[in-house]
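Chain by chain, the residues:
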Amino acid sequence: MRLRTGASAIFGALLAAQSASGLQLDLQSPQSIKTAARTAADGMMAFYPGNLTNGIPGLFGDPYYWWEAGAAFGALIDYWYYTGDTSYNEVTTQAMLFQVGDNQNYEPTNQSKSLGNDDQAFWGIAAMSAAEVAFPNPPPDKPQWLALAQAVFNRQQPRWNTDSCAGGLKWQIFSFNNGYTYRNSISNGCFFNLAARLGAYTHNTTYLDWAEKTWDWVANPSISLINENYQVFDGTDDVKNCTSLNHVQWSYNSGVFLLGAATMYNQTTGAKQELWKQRTQSLLDASQVFFSRGSNIMTEVACEPSGNCNVDQRSFKAYLGRWMAATTKVAPFTHDQIMPLLATSAQAAALSCSGGAAGTTCGMRWTTGSWDGQTGVGEQMSALEVMQSNLIDTVSGPVSQGGGGISKGDVSAGTGATVQGPVERITTADKAGAGILTALVLVGVLGGTWWLVR
Ligand SMILES: *[C@@H]1O[C@H](CO)[C@@H](O)[C@H](O)[C@H]1NC(C)=O
Ligand SMILES: *[C@@H]1O[C@H](CO)[C@@H](O)[C@H](O)[C@H]1NC(C)=O
Ligand SMILES: *[C@@H]1O[C@H](CO)[C@@H](O)[C@H](O)[C@H]1NC(C)=O
Ligand SMILES: *[C@@H]1O[C@H](CO)[C@@H](O)[C@H](O)[C@H]1NC(C)=O
Ligand SMILES: *[C@@H]1O[C@H](CO)[C@@H](O)[C@H](O)[C@H]1NC(C)=O
């Protein structure tokens, strides 16, 4: 028994030594980070059929939902910002403009069967990033980045719903979609994040007021999507007037509120600024749950250790990494706490990018020191974002109107006629797994225990 264990441990170590080369990543060298990011981006886009013959721009296709494509193009906007490499700009602009929908507000008719506020927001947030980093503007006859972000805000703000729970956004937009009674943190968090950033970019305080209102709702003790310890829970059911929580914690929920709070800190003064500083710091402290004890490697704690992350969840670490890095710019007091976490995670992610024929395919579990055999858009995107985030000190912070911004806005963008959803009620089978959350999470809502989803 002993011998067998020892022998297999040695054999395992030999195998690991052989395959653990992975991406070369020297965090002291910006060029090394850029090269690694390029390899991870190439790996992600190897899954993209959108610009091939018969491909639809902006769609990765099954099993990737529409929202994740918005997230992926957001990652490529970041990629250009961090590296200056324009290789993916054209395909990104093409996709971002192809998916705007008839009213130029990221509600394309093709997606209405599963269009949640969060799904729409991931595209809107990508457009917001494009404005903030001064990504090259679309042609003048096309919708502009800032206007697209405003369009998403303009569509979501009237969906603020006081029929129950005294406020908040529902997860789903259309009543015929499953999840219509669910009020989740990511939908409200994306709205908060987008509103805060629109306020910072345009200097229009109406956006900041909405961000504050959204925070006040999610953190209200009777709702507690964010609790007194700054843990961010998945969601709550409005049929029960938001009295029963699904307590699962996802990394992207912490991240989306972290950057929003940091932006509010940046945009306020005096006592309000102190309050947002404390909230930002507390969210950051609470996000430590997503870093493995001792080694500080980013981990999707609700599903990764058990190997149960679904396709959506495999991408969540990308957004925590992305938003942590952006936080260091608008709330510099977080810098020295965040950067070591991004460094250890990037180094571990690079080791995981050692699979496939080329030996650069990225895996899901960064804590193993090698590739774990998993592969997909989410795995590639997470590695890409966490590695390129280490370039944050080499780039400047977000621009704004009158402060280097080059994107043209439109305060009433996106408020054209309402998008028509399909007339017939869609079946459960159609809907299975649609949106960001899985049926399993809804089971979790009923059970009210986060470990049910593991
Ligand atoms: C698709 O986009 C990629 C990245 O921009 C590019 O390298 C490739 O040539 C494009 N393919 C086609 C068929 O346009
Ligand atoms: C919507 O679906 C049709 C049919 O597949 C396709 O031709 C069209 O390009 C799609 N539009 C968008 C915006 O994805
Ligand atoms: C529903 O919840 C809100 C927010 O906690 C509360 O203000 C309201 O009184 C509740 N309504 C009912 C009918 O319990
Ligand atoms: C500020 O934004 C709000 C919300 O979109 C809009 O109604 C208002 O007209 C804007 N104000 C200015 C001065 O642009
Ligand atoms: C707000 O953000 C800007 C841009 O990154 C930064 O230069 C400035 O120091 C921040 N303000 C505060 C109060 O931290």
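What comes next concerns the included structure. Computed from a predicted structure; not experimentally measured. (Residues numbered from 1 in each chain as written. Chains lettered and ligands numbered in written order. Predicted model: local features only at pLDDT ≥ 70, side-chain atom pairs only at ≥ 80, totals over all residues. Heavy atoms only, no water.)

**Some thoughts on the sheet that holds strand E2 (residues 235–237)**
The strand order across the open sheet formed by three strands is E1-E2-E3, and the pairing between neighbours is antiparallel. Taken across any chain shown, the strands that pair with only one partner, and hence form the sheet edges, are strand E1 (182–184) and strand E3 (245–246). Alignment of E1 against E2, held across three bridges, turns out to be antiparallel. Across the sheet, Tyr 182 pairs through a bridge with Asp 237, a residue of E2. Packed onto the sheet, helix H7 (residues 185–202) meets E1 and E2 and runs at close to 50° relative to E1. (Pairing = 2+ DSSP bridges. Helix = DSSP H or I, 4+ residues; strand = E, 2+ residues; numbered from the N terminus. Contact = heavy atoms within 4.5 Å. Axes fitted to C-alpha atoms, helices over the stretch in contact; angles between N-to-C directions.)

**Topic: the site of ligand 5**
With respect to spatial proximity, the complete set of residues near ligand 5 consists of Tyr 265, Asn 266, Gln 273, Lys 329, Val 330 and Pro 332. In this structure, Lys 329 approaches ligand 5 through a main-chain N or O atom, which is 2.9 Å from an oxygen atom. Considering ligand 5 on its own, with 360 Å² of exposed area, one finds that the protein chains cover 55% of that surface. Of all the secondary structure elements, the ones that give two or more residues to the shell around ligand 5 are helix H9 (251–267) and helix H11 (316–330). A per-class count over the shell around ligand 5 returns three nonpolar, two polar and one charged. (Near = heavy atom within 4 Å. Polar contact = N/O pair within 3.5 Å; in protein donor to acceptor, adjacent residues only side chain to side chain. Areas by Shrake-Rupley, 256 points an atom, 1.4 Å probe, with all protein chains shown as cover. Nonpolar A, V, L, I, M, F, W, Y, C, P; charged D, E, K, R; others polar.)

**What to know about the layout of surface pockets**
One number sums up the size of the largest pocket: a volume of about 380 Å³. For the lining of the largest pocket, the class distribution of residues is twelve nonpolar, seven polar and five charged. (1 Å grid on protein atoms, 1.4 Å probe; cavity = no way out; pocket = protein on both sides within 12 Å on 5 of 7 lines; lining within 4 Å. Points joined across faces, edges and corners; volume = space filled by probe spheres on them.)

**A look at the pattern of salt bridges**
For the coordinates displayed, the defined rule picks out twelve salt bridges. Between Glu 107 and Arg 155 there is a salt bridge; the shortest N-O distance is 2.8 Å. Taken as a pair, Glu 107 in the loop between helix H4 (89–98) and helix H5 (117–132) and Arg 155 in helix H6 (residues 145–156) lie far apart in primary sequence, 48 residues in all. As far as the burial class goes, Glu 107 and Arg 155 line up, both buried. (Salt bridge = Lys/Arg side-chain N within 4 Å of Asp/Glu carboxyl O. Buried < 20%, exposed > 50% of the residue type's maximum accessible area, 1.4 Å probe, protein only.)

**As for the state of the cysteines**
Taken as a whole and assessed by the stated rule, the structure comprises three disulfides. Disulfide partner of Cys 165: Cys 242, at an S-S distance of 2.1 Å. Its S-S torsion of approximately 85° makes the covalent link between Cys 165 and Cys 242 right-handed. Residue Cys 165 is located in the loop between H6 and E1, and its partner Cys 242 is located in the loop between E2 and E3; the two are separated by 77 residues in the primary sequence. Like Cys 165, the residue Cys 242 is buried in the burial classification. Through a disulfide, Cys 303 is tied to Cys 309; the S-S separation comes to 2.0 Å. An S-S torsion of about 90° defines the bridge between Cys 303 and Cys 309 as right-handed. Considered together, Cys 303 and Cys 309 belong to a single accessibility category, that of buried residues. When the bonded cysteines of the protein are numbered from the N-terminus onward, they pair as 1-2, 3-4, 5-6. (Disulfide = S-S within 2.5 Å.)

**Regarding the site of ligand 1**
Every residue near ligand 1 is listed here: Asn 51, Ser 87, Tyr 88 and Val 91. Contact distances for ligand 1 include 2.2 Å between an oxygen atom and a side-chain N or O atom of Asn 51. Ser 87 places a polar main-chain atom, nitrogen or oxygen, 3.4 Å from an oxygen atom of ligand 1. Surface burial for ligand 1 is 42%, taken as the share of its 360 Å² of free accessible area covered by protein chains. In terms of residue class, the shell around ligand 1 is built from two nonpolar, two polar and no charged.

**Remarks on H5**
Relative to the 22 Å expected for 16 residues at 1.5 Å per residue, H5 spans 22 Å between its end C-alpha atoms, a close match to the ideal helical length. Summarising burial for H5: 16 of the 16 residues are buried, a large majority. One or two steps after H5, the chain reaches Ala 134, where phi turns positive at roughly 55°. (Expected span 1.5 Å × (residues − 1).)

**Some remarks on the packing of aromatic side chains**
Applying the stated rule across the entire model yields 36 aromatic pairs. When the centroid spacing of 6.1 Å and the interplanar angle of 35° are considered together, the rings of Phe 60 and Phe 73 count as tilted. With Phe 60 in the loop between helix H2 (30–45) and helix H3 (66–83) and Phe 73 in helix H3, the pair connects residues that are 13 residues apart, well separated along the chain. Here Phe 60 and Phe 73 have matching classes, each one buried. Considering the side-chain rings of Trp 67 and Phe 316, the 6.4 Å spacing of their centres and the 55° angle between planes classify their relative orientation as tilted. Placement of the pair is Trp 67 in helix H3 and Phe 316 in helix H11, with a sequence separation of 249 residues. (Phe/Tyr/Trp six-rings, centres within 6.5 Å; stacked < 30°, edge-to-face > 60°.)

**Considerations on unusual backbone geometry**
For the peptide bond that leads from Asp 62 to Pro 63, omega is 5°, which places it in the cis range. The phi dihedral of Tyr 106 falls on the positive side, at around 60°, and the residue is not glycine. When you line up the elements, Tyr 106 lands in the loop between H4 and H5. A positive phi angle, near 55°, is found at Asn 296, a position not held by glycine. Tracing the sequence through the fold places Asn 296 in the loop between helix H10 (270–286) and H11.

**Examining H6**
Between its terminal C-alpha atoms H6 stretches 17 Å, which fits the 16 Å expected from twelve residues at 1.5 Å a residue. Judged by how many residues are buried, H6 sits mostly within the fold: twelve of twelve residues are covered. Considered for burial, the residues of H6 that qualify are Trp 145, Leu 146, Ala 147, Leu 148, Ala 149, Gln 150, Ala 151, Val 152, Phe 153, Asn 154, Arg 155 and Gln 156. Against the buried residues of H6 lie H4, H5, H7 and helix H8 (205–218).

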